[in-house]
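Architecture and fold: a report
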Amino acid sequence: MRLAPILHLTEHDVRGDRRWTGRAVLAGVICRDVLVVTVEEKLVAVRNRCPHRDVEILSGRLDTAEGIIECPSHGARLPLKGVDLCGRPAIWQDGALYLVLDDEPASPATNTESLCQTGQREV
Ligand code: FES
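Residues numbered from 1 in each chain as written. Predicted model: local features only at pLDDT ≥ 70, side-chain atom pairs only at ≥ 80, totals over all residues.

**Regarding the nonpolar core**
The biggest cluster of nonpolar side chains holds 25 residues, and the ones touching the most others in it are Ile-6, Val-36, Val-44, Ala-45, Val-46, Ala-90 and Leu-99. Among the elements of the structure, β1 (2-14), β2 (17-26), β3 (29-39), β4 (42-47) and β9 (96-101) are those that each provide at least two residues to this core. The residues touching Ile-6, leaving out its near neighbours within four places in the chain, are Gly-22, Arg-23, Ala-24, Val-34, Val-36, Ala-45, Ala-90, Leu-97, Tyr-98 and Leu-99. (Core = buried A, V, L, I, M, F, W, Y, C linked by C-beta atoms within 7 Å. Buried ≥ 20, exposed ≤ 12 C-beta atoms within 10 Å, placed from the backbone. Helix = DSSP H or I, 4+ residues; strand = E, 2+ residues; numbered from the N terminus. Contact = placed C-beta atoms within 7 Å.)

Here is the structure:
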């Protein structure tokens, strides 16, 4: 299993729901604004920005049954694992939080790169 560390973690309490924000480090590129939420007792890391106006979605209402988070700005329902938020599993390991990268050739690479396609890279 390939893992990418999520650095600069901050824990948040959003209406009693624990969430984390941080920066995923992928292939030496620091990608900002990763949000980690819990869905059915599993952690899911997504881009912390909506695709419409680049609004932070940290405080959005989470619908775990549908796998959707609402943009707090105008309520658009964004699938956690859709092309906009690029949801991927996350895990705690040795006290650190990691994005889980699998080894499938096409779509995971696309999703992973999408996490970095917001103009928020640091090189
Ligand atoms: S402002 Fe976030 S989806 Fe429209």
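There's more to say after this.
**Here we look at the sheet that holds strand β7 (residues 77-79)**
If you walk across this open sheet you meet the three strands as β5-β6-β7, and the pairing is antiparallel. Each edge of the open sheet carries a strand with a single partner, namely β5 (62-63) and β7. As defined by bridge partners, strand β6 (residues 68-70) adjoins β7 across three bridges and the pair is classed as antiparallel. Across the sheet, residue Ile-68 finds its bridge partner in β7, namely Pro-79. (Pairing = 2+ DSSP bridges.)

**Focus on the environment of Asn-48**
Tracing the chain through its elements places Asn-48 in the loop between β4 and β5. Residue classification places Asn-48 among the buried positions, given that 25 C-beta atoms sit within 10 Å. Residues Asn-48 and Gly-22, 26 residues apart in the sequence, show an inter-C-alpha distance of 9.1 Å. Each residue touching Asn-48, except ones within four places of it in the same chain, is listed here: Thr-21, Asp-33, Val-34, Leu-35, Glu-56, Ile-57 and Leu-58.

**So, unusual backbone geometry**
Trans peptide bonds make up most of the peptide bonds, and negative phi angles are found at most residues other than glycine. Backbone geometry at Arg-15 places phi at a positive 50°, although glycine is not the residue there. Tracing the backbone through its elements, the reader meets Arg-15 in the loop between β1 and β2. Its 7 C-beta neighbours within 10 Å are what place Arg-15 among the exposed residues.

**Details of the environment of Asp-84**
By the element assignment, Asp-84 lies in the loop between β7 and β8 (88-93). Distance from Asp-84 to His-52, taken between C-alpha atoms, is 9.4 Å for residues 32 residues apart in sequence. For Asp-84, the residues in contact, after removing those within four places along its chain, are Pro-51 and Leu-78.

**As for the confidence of the model for the chain**
Of the residues in the chain, 79% reach a pLDDT of 70 or more, and the chain-wide mean stands at 84. Note on residues 105-114: pLDDT is under 50 here. Beyond four places in sequence and across chains, it has eight contacts. Counting interchain partners and residues more than four positions distant, the pLDDT-below-50 stretch residues 116-123 has 14 contacts. (pLDDT = per-residue confidence, 0-100.)

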